[in-house]
Amino acid sequence: MTVLTAPSWSAPLGPSELAGVLTKLRQWTPFDGEAVLDDVGAVLDDVLPPQDVLAGLAVRLCGHLARLADIAVATEAGQEDLEAERLARLARAVCAQQASVARVPSVGQLRRLAWAVNELLERLTVLGCLRETA
């Protein structure tokens, strides 16, 4: 009778890699579609928020855009849908442009950011990559 032995198991990641994964997991926050819509609504509303919150809104909108673009890549939406690919590229370009301007963005820059967020959010929802938010 022949006894088969299985190869010994070894961890796929070392301690430093596992620590990196743990750090990223601790920093992760779930996608909050309502917060995205709140920020988009604040910028696209007829009455613009006070000047002292515009820079914070721009930072949050860029964060929303980056996250939505990452979702488009992760779900392969851009490979299956040309419009999603275009919107994801636009999102990254708008964020890069925003990063190169002054700390307090103009109303036009903020509204471009908000429209880019809104369009990509809607497209990813239509494609089933995200659940619809109210």
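In this text the structure is predicted, and so the values were computed from the model without any measurement.

This paragraph deals with the packing of helix α3 (residues 51–74) against helix α6 (residues 107–126). A pair of packed helices is characterised by two quantities: the angle between their axes and the separation of those axes. Where α3 meets α6, the axes come as close as 9 Å, and the angle between the chain directions of the two elements is 30°. It follows from the interaxial angle that α3 and α6 lie roughly parallel. When you trace α3 past α6, the crossing you get is left-handed. From α3, L54, L57, A58, L61, C62, H64, L65, L68, A69, I71 and A72 reach across to α6, where they touch L110, L113, A114, A116, V117, L120, L121 and L124. Looking at the contact of α3 with α6, its residues break down into 18 nonpolar, 1 polar and no charged.

Turning to its location among the elements, L113 is positioned in helix α6. Taking C-alpha positions, L113 is 47 Å from S10, a pair spaced 103 residues apart along the chain.

What follows is about the layout of surface pockets. A probe matching the size of a water molecule, rolled over the atoms, marks out where space remains unfilled. Its boundaries defined by the atoms lining it, the largest pocket holds a volume of some 160 Å³. Along the walls of the largest pocket sit A69, A72, V73, E76, A77, G78, Q79, A84, E85, A88, R89 and R92, which together make up its complete lining. Counting only elements with at least two residues in the lining of the largest pocket, the list comes to α3, α4 (77–80) and α5 (82–99). Per element, the largest residue contribution to the lining of the largest pocket is 5 residues, and it comes from α5. Of the residues that constitute the lining of the largest pocket, the class distribution is 6 nonpolar, 2 polar and 4 charged.

A contiguous nonpolar surface patch, about 350 Å² in accessible area, is contributed by L13, L18, V21 and L25. Positionally, V21 belongs in helix α1 (residues 15–27).

Position of L65 relative to the elements: it lies in helix α3. Looking at L65, the relative accessible area reads 0%, which means it is buried. Put simply, L65 and Q109 are 44 residues apart on the chain and 14 Å apart in space, counted from C-alpha to C-alpha. With residues near it in sequence (within four places) discarded, L65 still touches A91, V94, C95, L113, A116, V117 and L120.

Parameters and conventions
Residues numbered from 1 in each chain as written. Predicted model: local features only at pLDDT ≥ 70, side-chain atom pairs only at ≥ 80, totals over all residues. Heavy atoms only, no water. Axes fitted to C-alpha atoms, helices over the stretch in contact; angles between N-to-C directions. Helix = DSSP H or I, 4+ residues; strand = E, 2+ residues; numbered from the N terminus. Parallel < 35°, antiparallel > 145°, perpendicular 65-115°, else oblique. Left-handed = near helix turned anticlockwise from the far one by under 90°. Contact = heavy atoms within 4.5 Å. Nonpolar A, V, L, I, M, F, W, Y, C, P; charged D, E, K, R; others polar. 1 Å grid on protein atoms, 1.4 Å probe; cavity = no way out; pocket = protein on both sides within 12 Å on 5 of 7 lines; lining within 4 Å. Points joined across faces, edges and corners; volume = space filled by probe spheres on them. Patch = residues over 30% accessible without salt bridge, like charges linked within 9 Å, V, L, I, M, F, W, Y side chains within 5 Å. Areas by Shrake-Rupley, 256 points an atom, 1.4 Å probe, with all protein chains shown as cover. Salt bridge = Lys/Arg side-chain N within 4 Å of Asp/Glu carboxyl O. Buried < 20%, exposed > 50% of the residue type's maximum accessible area, 1.4 Å probe, protein only.

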